[in-house]
Amino acid sequence: MVDAVVPGQAEVEAVEKFARKVVEDLGIRLAEVGISGITEVHGSVPRGTWISGDRDFDVFIVLEEEYRRSDLQTILDVVKDFVGEGWIEAYAEHPYLIAEIDGFTVDFVPCFHINPKNGLVSATDRTPLHTRFVLDHLAESAKDEVRLLKRFMKGIGVYGAEVKVGGFSGYLCELLVIAIGSFERVLETASGWRRGEVVGPLKNADHGNFKKRFREPLIVQDPVDPRRNVASAVSENRFWEFSAAARAFLEGPRWEFFYPVERGVNIDGLMTRVRSHGFDLVFLVVRDGEGEVPDVLWGQLYKSERALVTALGKTGFSVVRSKVWSDELSRHIFVFELESAILSSFVVRTGPPVRIVEGSRRFLETYTSSDDTVSGPWVKGDRWQVMVKRGNREVGTALKSLLEDGGRGIGISGGIAERVSKGFSILLGGGAESVVTPDFAVILDAFLRGRHGWFE
């Protein structure tokens, strides 16, 4: 297994040669325009923990102390001119560039040279310090252990701290190996994790006090910034998925944990499964031609998904599961698995306790005179109840009503609400065939199977 993740000598030389050229050429360009700073490669390449086949790395422009955050856009304009074409401006705490160059994906990230005792100017200032810490504390023999851990996490789908994934960053993998000792020891430890688990690469750290400050599932103190939890991006789902997969691997190691088998999806067969699925499937399709920074977009999508599930539940539709997918440009699809897409004609409303005099009076006045009342009011236990005609019985009608204002009233994020206001479509079951493209089909197939690939 180790041989599959460790780059060969030729691959190492090719990556290092390309990285050196980018760093040297960009350094010359910055100097020509009078920018004081140095260009450095950071991330897994200089730390020696990158996986064979990976074609991405980070170039940091470390600016001298006289620069301020207001200068960052000027720096990026120089980088844009240097790259020429094929770049995307992204945004984390501040802007950075992603560029495709000669088959490599390169992130160009400006940061500031700092004295750790004086604090950070921006969050990315930590990265050069991270590289130094890893090089000082990760044994040469442990670098392949990190590679195994990263590949395992990629295989089970929990690798990546970006909002879309909500998983484990490369730096977090390095710290876990530094703190625990090896790939296998990390899995053994993770298989018995409990929520609020604290892992620390620093000896004699006050874990109890650190745990009081954070509420995330996993807590790992950043050795270069003791106020920060490196694992803050790890979601509840990813935390427990990793723990479960670790346990399953230790019980029965298989190659597929590292390199899952890619399933071919026949769309006609997939749609047959959609039509015969035990629950009703509803698709909300939102289209928009304007791109968005992925982390921002996925934050909006996940917030909107939660709002829609809550609103449907309050309307009477029981959502078994949900999923959101996006091509990150022009098409966003929310999928809801419902117990039923059509509700019964009547619903029982529960009122206040009989002992609440004023509340009871208002409830009785409302429903005894309503044309929608079918039966009641009556007393059940200590509360009033009444049976009334249901308003929106079909999920499509209910969703249209919920989205009249773009969904702002139910808590959909502003960016998605704006897109919804431009137009959307609601498709039921087999009627969604027109939007099931090959890329979405892979996601829908996995959703219908409802089990992690490493179970198979």
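Look up: the structure comes first, before these words.
Described in the following lines is the structure provided in the data block.

The next thing to look at is helix H11 (residues 267-275). Three or more residues of H11 are buried, namely Leu-270, Met-271 and Val-274. The buried side chains of H11 occupy one side of the element, clustering within an arc of 95° when seen end-on. Looking at the buried side of H11, the elements it contacts are strand E9 (280-287) and helix H16 (438-449). Structurally, the start of H11 carries an N-cap: the backbone nitrogen of Asp-268 is 3.1 Å from a side-chain oxygen of Asn-266.

So, about the environment of Asp-445. As for its placement among the helices and strands, Asp-445 is situated in helix H16. Its relative accessible area of 3% is what places Asp-445 among the buried residues. Between the alpha carbons of Asp-445 and Arg-263 there is a distance of 9.2 Å; along the sequence they are 182 residues apart. In this structure Asp-445 touches Arg-263, Val-265, Leu-270 and Arg-273, once residues within four positions along its chain are discounted. Within the local environment of Asp-445, its side chain forms a polar contact with the side chain of Arg-273, the two groups lying 2.6 Å apart.

All right, on to the pattern of salt bridges then. A side chain of one charge can pair with a side chain of the opposite charge if their charged atoms are brought near each other. Applying the stated criterion across every chain yields a total of 27 salt bridges. Between Asp-144 and Arg-147 there is a salt bridge, with the nearest N and O atoms lying 2.8 Å from each other. Taken together, the residues span about one helical turn, with Asp-144 and Arg-147 both in helix H6 (residues 143-156) at a distance of three residues. Here Arg-147 falls in the buried class, since its relative accessible area comes to 7%. Three or more residues are tied together by salt bridges with common partners; here these are Arg-263, Arg-273, Asp-445 and Arg-449.

About the criteria used
- Residues numbered from 1 in each chain as written.
- Predicted model: local features only at pLDDT ≥ 70, side-chain atom pairs only at ≥ 80, totals over all residues.
- Heavy atoms only, no water.
- Buried < 20%, exposed > 50% of the residue type's maximum accessible area, 1.4 Å probe, protein only.
- Helix = DSSP H or I, 4+ residues; strand = E, 2+ residues; numbered from the N terminus.
- Arc of directions from axis to C-beta.
- Contact = heavy atoms within 4.5 Å.
- Polar contact = N/O pair within 3.5 Å; in protein donor to acceptor, adjacent residues only side chain to side chain.
- Salt bridge = Lys/Arg side-chain N within 4 Å of Asp/Glu carboxyl O.

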